[in-house]
Amino acid sequence: MYQGVIKFWFTEIDASLWWQKDKAFDSEILQRFGALHKQARAGELYEWRDTAAGSLAEVIILDQFSRNIYRDRPEAFASDPQALTLAQFAIARRFDAELPPTQRSFLYLPFMHSESAVIHGQAVRLYESLGNETYLDFELRHKAIIDRFGRYPHRNAILGRKSTAEEAEFLTQPNSGF
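These figures come from a predicted structure and were not determined experimentally. (Residues numbered from 1 in each chain as written. Predicted model: local features only at pLDDT ≥ 70, side-chain atom pairs only at ≥ 80, totals over all residues. Heavy atoms only, no water.)

Q: Hey, could you run me through the overall build of the chain in this one?
A: When helices and strands are counted, the chain shows ten helices and zero strands. For the chain, the α and β elements follow one another from N to C terminus as α-α-α-α-α-α-α-α-α-α. The globule rule puts the C-alpha radius of gyration for 178 residues at 16 Å, and the 16 Å found for the chain is close to it. Across its three principal directions, the C-alpha atoms of the chain cover 45 × 35 × 30 Å. Across the chain, every contact between residues at least 6 apart in sequence was considered, and the portion connecting residues at least 24 apart equals 58%. As displayed, the chain offers around 9,100 Å² of accessible surface, 52% of which is attributable to carbon and sulfur atoms. Once the 21 positive and 24 negative side-chain charges of the chain are each reduced to a mean point, those two points are 3 Å apart. (Helix = DSSP H or I, 4+ residues; strand = E, 2+ residues; numbered from the N terminus. Rg over C-alpha atoms; globule rule 2.2 N^0.38 Å. Contact = heavy atoms within 4.5 Å. Areas by Shrake-Rupley, 256 points an atom, 1.4 Å probe, with all protein chains shown as cover. Lys, Arg positive; Asp, Glu negative; His and termini not counted. Charge placed at Lys NZ, Arg CZ, Asp CG, Glu CD.)

Have a look at this one:
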């Protein structure tokens, strides 16, 4: 079953959809993978964790599909701690070494999405090991925001957090949100 997630994410769709806001794409993910997302959030896909691809698929569901299914709602980020824990578990089992670089980058995304400076220290090392300057640059840009604010200001409105004056000013700048 996890093979369907991997095939969809890395073969069936155009990679440009990974980084775009697209209502039709969000709806497709909900329709095709909404039930699996609920199972993942409930911890019911634990058997997938026996393989690198299965672990990656569960991380994609919790990290990426959450952002599509719940776009602009607090639930978009609710599974982040679970996705991070699963990614850490997979890396501890050295599953990342079994994945091609593009797939490995998605296993590392929960580190980039974290609002923890400690976790971003790990993320930098992971993305350095990947050897892709583009991915590393994105991580360094994310880390700079966490180092400066201790959180992602672009999430504040969605999560009902009050922005500081410095965060509000930052949000007026180009490329302040991801």
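Q: Hey, could you run me through the side chain of E139 in this one?
A: By the element assignment, E139 lies in helix 8 (residues 133-149). For the buried E139, no salt bridge is present, and the opposite-charge side chain at shortest range is K143, 6.8 Å distant. Contact partners of E139, with chain neighbours within four places excluded, come to M112, H120, A123, V124 and Y127. (Buried < 20%, exposed > 50% of the residue type's maximum accessible area, 1.4 Å probe, protein only. Salt bridge = Lys/Arg side-chain N within 4 Å of Asp/Glu carboxyl O.)

Q: Help me out: how do you make sense of helix 8 in this one?
A: For an α-helix, 3.6 residues make a turn, and residues three or four places apart therefore share a direction. Here helix 8 is 17 residues long and its end C-alpha atoms lie 24 Å apart, about the 24 Å a rise of 1.5 Å per residue gives. Among the structural elements, helix 6 (101-113), helix 7 (117-130) and helix 10 (165-170) are those in contact with the buried residues of helix 8. The first or second residue beyond helix 8 is G150, which carries a positive phi of 80°. (Expected span 1.5 Å × (residues − 1).)

Q: In this structure, what is going on with the packing of helix 1 (residues 2-12) against helix 2 (residues 23-41)? I would like to understand it.
A: Between two packed helices, the angle of one axis relative to the other and the distance separating the axes together describe the packing. Relative to each other, helix 1 and helix 2 sit at 165°, their axes nearing to 11 Å. Between helix 1 and helix 2, the crossing angle belongs to the class labelled roughly antiparallel. Seen from above, helix 1 lies across helix 2 with left-handed handedness. Touching G4, V5, F8, W9 and E12 of helix 1 are F25, E28, I29, R32, F33 and L36, all from helix 2. Grouping the amino acids of the contact of helix 1 with helix 2 by side-chain chemistry returns seven nonpolar, one polar and three charged. (Axes fitted to C-alpha atoms, helices over the stretch in contact; angles between N-to-C directions. Parallel < 35°, antiparallel > 145°, perpendicular 65-115°, else oblique. Left-handed = near helix turned anticlockwise from the far one by under 90°. Nonpolar A, V, L, I, M, F, W, Y, C, P; charged D, E, K, R; others polar.)

Q: Whenever I open this one, the domain arrangement of the chain confuses me. Can you help?
A: Interfaces are often sized by the amount of accessible area the parts lose when they come together. Taken domain by domain, the chain consists of domain 1 (1-100) and domain 2 (114-177). Residue-level contacts link nine residues of domain 1 with seven residues of domain 2. When the two sides are added together, the surface that domain 1 and domain 2 hide from each other amounts to roughly 690 Å², 73% of it contributed by carbon and sulfur. The largest share of the area that domain 1 buries against domain 2 comes from P74, F77 and L84, three residues that together contribute 50% of it. The shortest N-O distance in the salt bridge between R155 and D80 comes to 3.8 Å. Among the residues forming the side of domain 1 that touches domain 2, the class breakdown is four nonpolar, one polar and four charged. (Domains from an automatic or database assignment. Buried area = accessible area lost by both parts, 1.4 Å probe.)

Q: Where do I start with the nonpolar core in this structure?
A: Most often, soluble globular proteins have nonpolar side chains that are buried together. Judged by nonpolar contacts, the single largest core of 49 residues is most densely connected at V5, W9, F65, L107 and Y127. Among the elements of the structure, helix 1, helix 2, helix 3 (52-69), helix 4 (75-78), helix 5 (80-92), helix 6, helix 7 and helix 8 are those that each provide at least two residues to this core. With nine residues, helix 3 is the single largest residue contributor to this core. When residues of this core are assigned to domains, at least three fall in each of domain 1 (1-100) and domain 2 (114-177). Residues contacting V5, with those up to four places away along its chain left out, are F33, L36, W48, A57, I60, I61 and F65. (Core = buried A, V, L, I, M, F, W, Y, C linked by side-chain atoms within 4.5 Å.)

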